[in-house]
Each structure stands twice: as C-alpha cells, then as structure tokens.
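Here are the chains, one letter per residue:
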Amino acid sequence: MLKNKKEIKKYLYVIIGATILSFGIYNVHQQTDITEGGILGTLLLLEYWFHIPPPISSFVMDFVCYGVAFLCFGKVFAKFAIISSLTFATTYSLWELFPPILPNLSDYPLIAAVVGALFVGIGCGLVVREGGACNGDDALAMILSKFTKKPIAFCYMFTDLTVLLLSLTYIPFARIVYSLVTVTISSFILGKIVDTKKEDDKKDDIH
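*Asks:* Break down the packing of aromatic side chains for me, with residues and values.
*Replies:* Scanning the entire structure with this criterion turns up 10 aromatic pairs. A centroid spacing of 5.3 Å and a plane angle of 85 degrees characterise the contact between Phe-23 and Trp-95, whose relative ring orientation is edge-to-face. Placement of the pair is Phe-23 in helix H1 (residues 2-32) and Trp-95 in helix H4 (residues 75-95), with a sequence separation of 72 residues. One exposure class covers both Phe-23 and Trp-95, and it is buried. Taking the centre distance of 5.9 Å and the plane angle of 25 degrees together, the rings of Phe-88 and Tyr-92 count as stacked. On the criterion of helical spacing, the pair formed by Phe-88 and Tyr-92 is a turn pair, its members being four residues apart in helix H4.

Next comes the structure, spelled out in structure tokens:
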C-alpha cells in the first residue's frame, strides 16, 4: 500500500510540474517573446543559418535525446516522460482556449524573465526529480549529468548559455540578456528541487 502511495505521489508531481510549465510558457513566454536556450534555441539557430524547418529539426533532436535517455535510464524515464509530455500538450491546448490569465509583461522584460524562470524552474524541476522529461532539453541535461557527473543545474546552464551565446549572431544582445536571467534562475531552482529529492531518498534509505 505504501508503495502505491509513493507511486501515485510521483505521478502527481509529474502532472503538476508539466501543468505549471505549460501555464508559464503560454502566459509568460509566448506573450513576451523570451528567447530560449537549449534545443528550442538550437531549432531557431538551424532555421536562421541553414533554413532547416523547426518541425523537422525538432523531431530529429527530440527523438535522439529521448532515445539516448531511454537507453540510460530505462522504463522509468519512458513512463514519466510520456506522462509529462502528454500532460504538457493537453494543458497547453487547454490554456489556448482562453485569453492569457497573467497580465502582459512585454513592457517589463526583467520581471517577465524572472516570472518565466519561476514557472520553468518549478515545472521542469518537479518532472525531472521523478525521472521524467517534458522535452528534449530535460532529456539532454539528464544525459549530460549522468556522464559528466556534474549537477543537473550545471548541465542546463551549460547547454542554455552555449545556445544563447551562439544566438548573438542574429539576435540583439539587449534581447538575449533577459533570456540569460531566465535560464540562470530556472536552472538554479530546478537544481534545488532535484537535490531536495535526492536528500529525501537518502533519508528514506536510512530509515
């Protein structure tokens, strides 16, 4: 019975996390055009420099990242990744049926960057702490963390900052700087949430 309760709790964390993420992306990122790092930023780079359509590059990159992550983490990753991805897609479609709930922060880019980071950090953090992924960015960071032995927050920061710096080749610095704020804060929050999970697991093992 205890095991079932823990399993249900894990599912709830993943569903809540994906819902928080989709809410933030729709209500903050979409309204304010916050530039992304990671895979999403890479898609924009490939489109700009090599004219590769994002739907094609997105499918290939996500397929590769999810495939490698499945080989590394097995069925647990696949199970929670599917749930989080479906939850994200479903809830995002739900938000689109209504006007944005949050006020438009386009005139306050720094506030938008911070608020957006909170949604991304908390949302992705809850999903990743249970071993799932909402997108290829999460899977890529988990893979890098496993093989480099670096904290997952560092891996998120590394991939995001690398892509954002490359994005300076076609995006003004003034716009990139707010994205740097977003990825820095969201990576920090995500790392704290994942670390808290590890500490809880250690306590459970002791008891």
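*Asks:* Explain the pattern of salt bridges residue by residue, including any values.
*Replies:* Applying the stated criterion across every chain, the model contains three salt bridges. Across the pair Glu-130 and Lys-10 runs a salt bridge whose closest N-O atoms are separated by 3.2 Å. With a gap of 120 residues between them, Glu-130 in the loop between helix H5 (109-128) and helix H6 (136-148) and Lys-10 in helix H1 connect regions that are remote in the sequence. Notably, a salt bridge pairs Glu-130 with Arg-129, separated by 3.0 Å at the nearest N-O pair. The buried category is assigned to Glu-130, whose relative accessible area is 4%. The class of Arg-129 is buried, set by a relative accessible area of 15%.

*Asks:* Now, about unusual backbone geometry: what can you tell me, with residues and values included?
*Replies:* Phi is positive for His-51, which is not a glycine, with a value near 60 degrees. Within the secondary structure, His-51 is located in the loop between helix H2 (38-50) and helix H3 (54-73). A relative accessible area of 64% means that His-51 is categorised as exposed. Look at Lys-149: it is not a glycine, yet its phi comes out positive at around 65 degrees. Examined against the element boundaries, Lys-149 turns out to sit in the loop between H6 and helix H7 (152-167). Classification of Lys-149 by relative accessible area gives exposed; the value is 71%.

*Asks:* Could you give an account of the confidence of the model for the chain, with specific residues and numbers?
*Replies:* Mean pLDDT for the chain: 86, with 91% of residues reaching 70 or above. Of all the helices and strands in the chain, helix H8 (residues 173-206) carries the lowest mean pLDDT, 79, while H5 carries the highest, 92.

*Asks:* So what about the nonpolar core? Which residues, and what values?
*Replies:* Counting residues in hydrophobic clusters, the biggest one holds 35 residues, and the most contacted among them are Phe-77 and Ile-152. Those elements that provide at least two residues to this core are H1, H2, H3, H4, H5, H6, H7 and H8. No other element matches the seven residues that H1 contributes to this core. Discounting chain neighbours no more than four positions away, the residues touching Ile-152 are Val-128, Ala-141, Met-142, Ser-145, Leu-190 and Val-194.

*Asks:* Describe the packing of H6 against H7, listing the residues and the values that go with them.
*Replies:* Viewed as axis vectors pointing N to C, H6 and H7 meet at an angle of 120 degrees, and their least axial separation amounts to 8 Å. Looking at the two axes, H6 sits oblique to H7. Like other packed secondary-structure pairs, H6 and H7 cross with a definite hand, here right-handed. Across the interface between the two elements, Asp-137, Asp-138, Leu-140, Ala-141, Met-142, Leu-144, Ser-145 and Thr-148 of H6 pack against Ile-152, Cys-155, Tyr-156 and Thr-159 of H7. Counted by class, the contact of H6 with H7 contains seven nonpolar, three polar and two charged residues.

What counts and how
Residues numbered from 1 in each chain as written. Predicted model: local features only at pLDDT ≥ 70, side-chain atom pairs only at ≥ 80, totals over all residues. Heavy atoms only, no water. Phe/Tyr/Trp six-rings, centres within 6.5 Å; stacked < 30°, edge-to-face > 60°. Helix = DSSP H or I, 4+ residues; strand = E, 2+ residues; numbered from the N terminus. Buried < 20%, exposed > 50% of the residue type's maximum accessible area, 1.4 Å probe, protein only. Salt bridge = Lys/Arg side-chain N within 4 Å of Asp/Glu carboxyl O. pLDDT = per-residue confidence, 0-100. Core = buried A, V, L, I, M, F, W, Y, C linked by side-chain atoms within 4.5 Å. Contact = heavy atoms within 4.5 Å. Axes fitted to C-alpha atoms, helices over the stretch in contact; angles between N-to-C directions. Parallel < 35°, antiparallel > 145°, perpendicular 65-115°, else oblique. Left-handed = near helix turned anticlockwise from the far one by under 90°. Nonpolar A, V, L, I, M, F, W, Y, C, P; charged D, E, K, R; others polar.

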